[in-house]
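Reading the structure
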Amino acid sequence: MKNTYFTSEELELKNRAFLSGDAVKVSFFIRNSKLIMDEECYFFLMASMRKMRLNIPLSYTLEFFQNLFNEKVIEGNNIQNGIINFLVFRNSDGITLSKSSVSYYFEVEEMDDVLSIHQRPLELDLIKEINVNNNLLSNIRVHCPENIYGSIYAQENDLDDVILLNPNKRIARSTSGNLLFLEGDVIKIPKQSEGAYISPLLENFVTFLHKNNLADTQEHEIIAFESQKAEEILLISDEKGVFSVKKIRNKTFESTRFTELVESWRNSF
């Protein structure tokens, strides 16, 4: 179901999300007509709102969001599998910005299974003329012109996405999510302090691997060249899902082992 969206109230053009990008976005996940990882996603939403100094309504409880998504999305629109991209933004009705109320907008993208690797693998490249920061707000999904620039660069160069570096010229993430590099028996993941996103979807996958001793996952500072040393690369995006990376420049990658690991993760739910 494309372009299915819901709002807390009638949207006005004069709002701070539209004018200033004063908003945060967090994804929730539906699988087999049920919310999964809803607690993790909820607590990430609360943490993101606090970082942006948004006024959190007392009504924003876990039960509120469970009921909202069940009523509007799962039961109301019979969505069985998909991603809810939830955006909460600040209004301009308070004495100060920190005391202003908030409103929300969310849209739903249906897919076969959020925990399965998309059938079409991705082609990426590094982009060096811009970089992303590695501060407190770099880890949450807020307005990011670097993502917009990188997405347009990818489109103009027949790519699916680009790898963004931080000011130290180390890998942070892609425009849409986090990257995992399989090298030998180790899965290397860029640290959040490098500019990677906080991701409930990624954290759930890594926790599953660790608990079941399926792989040695390590957070690293990864220089750009190391992307060429990997045997397999996985991209996990809370906004879009899970993808294997097929090609970066002239290097092609396999996807066998990550496919097996993701399948085991999927079957654990």
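In this text the structure is predicted, and so the values were computed from the model without any measurement.

Re the pattern of salt bridges
If you walk through the whole model with that rule in mind, you get 15 salt bridges. In this structure, E239 and K25 form a salt bridge, with 3.4 Å as the shortest nitrogen-oxygen distance. Of this pair, E239 sits in the loop between β13 (232-237) and β14 (241-248) while K25 is found in strand β2 (residues 23-31), placing the two residues 214 residues apart along the sequence. Judged by relative accessible area, K25 falls into the partly exposed class, the value being 22%.

Observations concerning the packing of aromatic side chains
Scanning the entire structure with this criterion turns up 18 aromatic pairs. Between F6 and F106, the aromatic rings sit 4.9 Å apart at their centres with planes inclined by 25°, giving stacked as the arrangement. With F6 in strand β1 (residues 4-7) and F106 in strand β5 (residues 102-110), this residue pair connects regions lying 100 residues apart in the sequence. Since its relative accessible area comes to 0%, F106 is described here as buried. Ring geometry for F69 versus F106: centroids 5.2 Å apart, planes at 80°, classification edge-to-face. With a gap of 37 residues between them, F69 in helix α3 (residues 62-75) and F106 in strand β5 connect regions that are remote in the sequence.

Quick word on the environment of M111
Following the sequence through the fold, M111 ends up in the loop between β5 and β6 (122-131). Residue M111 is classed as buried on the basis of its relative accessible area of 14%. Through-space distance from the C-alpha of M111 to that of I30 is 9.5 Å; in sequence the pair is 81 residues apart. Discounting residues that sit within four places of it in the chain, M111 has contacts with N81, G82, I83, H118 and K240.

Examining the packing of helix α5 (residues 200-211) against helix α6 (residues 256-267)
Look at α5 against α6: their axes get within 10 Å of each other, and the N-to-C directions meet at 95°. With respect to α6, the element α5 is oriented roughly perpendicular. Residues L201, N204, F205, F208 and L209 of α5 lie in contact with α6, whose contacting residues are L261, V262, S264 and W265. Of the residues belonging to the contact of α5 with α6, the class tally is seven nonpolar, two polar and no charged.

Side note on the packing of helix α2 (residues 38-51) against α3
Each pair of packed helices gets described by two things: the angle between the helix axes and the distance between those axes. For the pair α2 and α3, the least separation of the axes is 10 Å and the interaxial angle reads 115°. Here α2 and α3 pass one another in a crossing that is right-handed. Two secondary-structure elements touch here, α2 through D38, E39, Y42, L45 and M46 and α3 through L62, F65 and Q66.

Focus on the side chain of N85
For N85, the location among the structural elements is in strand β4 (residues 82-90). N85 gets classed as buried once you look at its relative accessible area, which sits at 6%. Within polar-contact distance, the side chain of N85 engages the backbone oxygen of E239 at 3.5 Å. Leaving out residues up to four positions away in the same chain, N85 has contacts with K25, V26, S27, Y105, F106, E107, R141, D238 and E239.

A few points about the environment of L261
When you line up the elements, L261 lands in helix α6. On the basis of relative accessible area, L261 is assigned to the buried category, the value being 12%. Here L261 is in contact with I187, F205, F208, L209, L214 and A215, once residues within four sequence places are set aside.

What counts and how
Residues numbered from 1 in each chain as written. Predicted model: local features only at pLDDT ≥ 70, side-chain atom pairs only at ≥ 80, totals over all residues. Heavy atoms only, no water. Salt bridge = Lys/Arg side-chain N within 4 Å of Asp/Glu carboxyl O. Helix = DSSP H or I, 4+ residues; strand = E, 2+ residues; numbered from the N terminus. Buried < 20%, exposed > 50% of the residue type's maximum accessible area, 1.4 Å probe, protein only. Phe/Tyr/Trp six-rings, centres within 6.5 Å; stacked < 30°, edge-to-face > 60°. Contact = heavy atoms within 4.5 Å. Axes fitted to C-alpha atoms, helices over the stretch in contact; angles between N-to-C directions. Parallel < 35°, antiparallel > 145°, perpendicular 65-115°, else oblique. Nonpolar A, V, L, I, M, F, W, Y, C, P; charged D, E, K, R; others polar. Left-handed = near helix turned anticlockwise from the far one by under 90°. Polar contact = N/O pair within 3.5 Å; in protein donor to acceptor, adjacent residues only side chain to side chain.

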